[in-house]
Amino acid sequence: MPSIKVDGLDDVFARLKAIGGDIEGVQKQAVYAGMAVIRDEVVRQIESLPAQAGYIKAKDLPRDVITPREKEQLIKHIGIAQMDSKNGTVSTRISFDGYTDIKTKKYTNGLPAVLVARSINSGSSVRTKHPFMRQAQAAAKARALAAAEKAARDALEKLTEV
């Protein structure tokens, strides 16, 4: 999955450390703000995927489209995973959680949303590749970095106002 590293906030964290602020809390706010921008771009990329309703015949495989139902289910199940903090670094990822309402013989509770997302993103023997995650990261990287930096600086400003 795509990753983005935020650098250049050393001055913010040095000032936070000097005033005894919650560095990890500010890091989490900044990471969440950046990931929210990327999540929104992933949703836009999913919405722009070619869709076609109806049954795809075997002779038409690999199919180059997804169904409107798959599109709807991916958007419904996208989210930002729980934050992970190790050695002063906070990380998270965009993830697809839960099961879709697309039931099959093998998946009686519904297809796992991550399975549908990966098959569309990476392609399969019956589906053409549509790398929407990579495209979303490339399209939103600058905006995500700016949002993360703004969130960190706003948090510092809020702490220093008191």
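Below, the structure is looked at part by part. (Residues numbered from 1 in each chain as written. Predicted model: local features only at pLDDT ≥ 70, side-chain atom pairs only at ≥ 80, totals over all residues. Heavy atoms only, no water.)

Overview of the overall build of the protein chain
Link 1 in the chain: Helix and strand content of the protein chain: 5 helices and 4 strands.
Link 2 in the chain: Residues classed as buried in the protein chain amount to 40% of the 162 residues present.
Link 3 in the chain: Put simply, 59% of the contacts in the protein chain that link residues at least 6 apart link residues at least 24 apart.
Link 4 in the chain: Just so you have it, the protein chain exposes about 10000 Å², and 51% of that area is on carbon and sulfur atoms. (Helix = DSSP H or I, 4+ residues; strand = E, 2+ residues; numbered from the N terminus. Buried < 20%, exposed > 50% of the residue type's maximum accessible area, 1.4 Å probe, protein only. Contact = heavy atoms within 4.5 Å. Areas by Shrake-Rupley, 256 points an atom, 1.4 Å probe, with all protein chains shown as cover.)

Quick look at the packing of aromatic side chains
Link 1 in the chain: One pass over the structure, following the stated rule, counts 1 aromatic pair.
Link 2 in the chain: Ring geometry for F96 versus F132: centroids 6.3 Å apart, planes at 85 degrees, classification edge-to-face. Residue F96 is found in strand β4 (residues 94–96), and its partner F132 is found in helix α5 (residues 132–161); the two are separated by 36 residues along the sequence. The two residues F96 and F132 agree in class, both being buried. (Phe/Tyr/Trp six-rings, centres within 6.5 Å; stacked < 30°, edge-to-face > 60°.)

Things to note about the pattern of salt bridges
Link 1 in the chain: Counted according to the given criterion, the structure contains 9 salt bridges.
Link 2 in the chain: Taking the shortest distance from any N to any O, the salt bridge between R127 and E70 comes out at 2.9 Å. Taken as a pair, R127 in the loop between α4 (113–122) and α5 and E70 in helix α3 (residues 68–77) lie far apart in primary sequence, 57 residues in all. For the residue pair R127 and E70, the accessibility class agrees, reading buried in each case.
Link 3 in the chain: A salt bridge links K86 to D84, with the shortest nitrogen-to-oxygen separation between them at 3.9 Å.
Link 4 in the chain: Taking the relative accessible area as the measure of exposure, K86 reaches 56% and is therefore exposed.
Link 5 in the chain: Assessed through its relative accessible area of 35%, D84 is described here as partly exposed.
Link 6 in the chain: Beyond isolated ion pairs, a larger network of salt bridges with shared partners links E41, R44 and R143. (Salt bridge = Lys/Arg side-chain N within 4 Å of Asp/Glu carboxyl O.)

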